[in-house]
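Reading the structure
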Amino acid sequence: MRVTFSWELWRFTEGVRWRVALSVIVGLLAVTAGVARLALLGWIGARIFEGDSFGDLVPLIIAAAASIAARSLFLYAKEEIANGTALQVQYKLRQRLFDQVVRLGPSHFDRQRTGDITVGVVEGVEQLETFFGQYLPQLIVASLAPIGIFVFMGFLDLPVAAIYFGFALVTLTLPSLLKQKNAEASLRRRDAYGSFAADFLDSIQGLATLKAFGQSSRRGSELAERAQEVFRSTMGVLFHNAVAQGLTILAITVGAAVALYIGALRVESGAMELAELLVVLMLGVEVFRPLRELSQLFHQGLLGVAAAQSVLDVDQAAPLTPDVEAEPAPALEPRIEFDGVRFSYPTG
């Protein structure tokens, strides 16, 4: 199964990987609370169909409300931890890039356009905030959470759980079918944005020269064309993202409809209880939730990987003039020596 992941970016999380793990754990706890909430709501619905009074349902209602509150707290904690992790990674990465720029020296950047390098490094680091803060933890949660939910659903009714499992795999796989197109669109946007930024910075720096030679209008037309290319490439990224999300929603909808149809047939035949069907259908919402949230962040992950290429280019570059360790100077004993010093007044 193909997912958007980069081991080169993963090495930047050294020192904060425990925070990534903590964010995933809290995310799984939020999923667990969500499962409890939906299971309780399904159970409450079944008890209502059976004719239970409101007084009989009060304990279940209180438990459902507690699970809703717990889920909200877990989601809040997950976002706080994940965003803090992203900020720490960005801080360390900026410091790392600064040290690398100093090590490379002016000779390295004289061979490249300043605007492209500046946008690539600055924009690349900014794009990684979403990658480390949201996409990466959600990718792990979306890979682990459905497994536990399917196990729970399997105890209630294995055939319907198998249907959900199959469509969940389809939902997770469909965006990957467009991964190559999405990656190409993201790279085109990065290149177009970098070229536009480089031309814009060159124009600002050479504005006096352009005015002196009457080339400002021509340069403005060129910048307008560059801006249009950035617009077209950005729309391309959004188009591919919309297609991927559309396929995901379609798979979720079809999966829920098929599970409902098969479950209704099993209830009619007596192979499944109505209460079990209601609980399983409610859990179907939570099964697809992590996958749906991941699909919404899928193009952000691609943008992060694409933008990070500029960061990696600088990080992995070698200086044109390698560092040479100078031999230490011999130790000198400080002393003052007078040799042939004379003094006299002009009058003798």
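Everything here concerns the structure above.
My aim in this report is to walk through the structure given alongside it, one point at a time. The structure displayed is predicted, hence computed values, not measured ones. (Residues numbered from 1 in each chain as written. Predicted model: local features only at pLDDT ≥ 70, side-chain atom pairs only at ≥ 80, totals over all residues. Heavy atoms only, no water.)

A few words on the overall build of the chain. The number of helices and strands found in the chain is 10 helices and zero strands. Going residue by residue from the N terminus, the α and β elements of the chain occur as α-α-α-α-α-α-α-α-α-α. By residue count, 41% of the 348 residues in the chain fall in the buried class. Counting only carbon and sulfur atoms, one obtains 64% of the accessible surface of the chain, whose full area is about 19900 Å². (Helix = DSSP H or I, 4+ residues; strand = E, 2+ residues; numbered from the N terminus. Buried < 20%, exposed > 50% of the residue type's maximum accessible area, 1.4 Å probe, protein only. Areas by Shrake-Rupley, 256 points an atom, 1.4 Å probe, with all protein chains shown as cover.)

Judged by nonpolar contacts, the single largest core of 25 residues is most densely connected at Phe12, Leu93, Leu97 and Phe132. Every element with two or more residues in this core is listed here: helix H3 (54–104), helix H5 (114–156) and helix H10 (274–315). No other element matches H5, which puts 10 residues into this core. Listed in part, the 24 residues of the second largest apolar core include Ala39, Ala161, Met272 and Leu277. (Core = buried A, V, L, I, M, F, W, Y, C linked by side-chain atoms within 4.5 Å.)

A word on the pattern of salt bridges. The final tally for this structure, using the stated rule, is seven salt bridges. Linking Asp199 and Arg226 is a salt bridge whose minimum nitrogen-to-oxygen distance equals 2.7 Å. With Asp199 in helix H7 (residues 179–205) and Arg226 in helix H9 (residues 216–269), the pair connects residues that are 27 residues apart, well separated along the chain. Of the residues examined, Asp199 reaches a relative accessible area of 7% and is grouped as buried. Taking the relative accessible area as the measure of exposure, Arg226 reaches 36% and is therefore partly exposed. Across the salt bridge formed by Arg232 and Glu225, the nearest N and O atoms sit 3.1 Å from each other. Overall, the relative accessible area of 41% leaves Arg232 in the partly exposed class. For Glu225, a relative accessible area of 46% corresponds to the partly exposed category. Linked by salt bridges that have partners in common, Asp199, Arg218, Arg219, Glu222 and Arg226 make up one network. (Salt bridge = Lys/Arg side-chain N within 4 Å of Asp/Glu carboxyl O.)

Take the environment of Gly34 next. Mapped onto the fold, Gly34 is located in helix H2 (residues 17–49). In this structure the C-alpha to C-alpha distance between Gly34 and Val285, which are 251 residues apart in sequence, comes to 9.4 Å. In contact with Gly34, other than residues within four places in its own chain, are Arg71 and Glu286. (Contact = heavy atoms within 4.5 Å.)

Tallied over the entire structure, the rule returns two aromatic pairs. Both rings, one in Phe150 and one in Phe165, keep their centres 4.9 Å apart while their planes meet at 80°; by these two values the pair is edge-to-face. One end of the pair, Phe150, is in helix H5; the other, Phe165, is in helix H6 (residues 158–177), and 15 residues separate them in sequence. Assessed through its relative accessible area of 10%, Phe150 is described here as buried. (Phe/Tyr/Trp six-rings, centres within 6.5 Å; stacked < 30°, edge-to-face > 60°.)

Another point: the packing of H2 against H3. H3 packs onto H2 with a crossing angle of 160° between their chain directions and a minimal axis gap of 8 Å. As summarised for this structure, H2 and H3 are arranged roughly antiparallel, according to the angle between their axes. Remark: the crossing between H2 and H3 carries left-handed chirality. The residue inventory of the contact of H2 with H3, partitioned by class, reads 24 nonpolar, seven polar and seven charged. (Axes fitted to C-alpha atoms, helices over the stretch in contact; angles between N-to-C directions. Parallel < 35°, antiparallel > 145°, perpendicular 65-115°, else oblique. Left-handed = near helix turned anticlockwise from the far one by under 90°. Nonpolar A, V, L, I, M, F, W, Y, C, P; charged D, E, K, R; others polar.)

Turning next to the environment of Leu57. If you trace the backbone, Leu57 turns up in helix H3. On the accessibility criterion, Leu57 (6% relative accessible area) is buried. The contact partners of Leu57, leaving out residues within four places of it in the chain, are Ile44, Arg47, Ile48 and Asp52.

Structurally, the position occupied by Thr85 is in helix H3. A polar atom in the side chain of Thr85 sits 2.8 Å from the backbone oxygen of Ile81. With sequence-adjacent residues up to four places away left out, Thr85 is seen in contact with Val16, Arg19 and Val20. (Polar contact = N/O pair within 3.5 Å; in protein donor to acceptor, adjacent residues only side chain to side chain.)

To continue, consider the side chain of Arg71. Considering the arrangement of structural elements, one finds Arg71 in helix H3. With a relative accessible area of 14%, Arg71 lands in the buried category. Discounting chain neighbours no more than four positions away, the residues touching Arg71 are Ala30, Ala33, Gly34, Arg37, Glu286 and Arg289.

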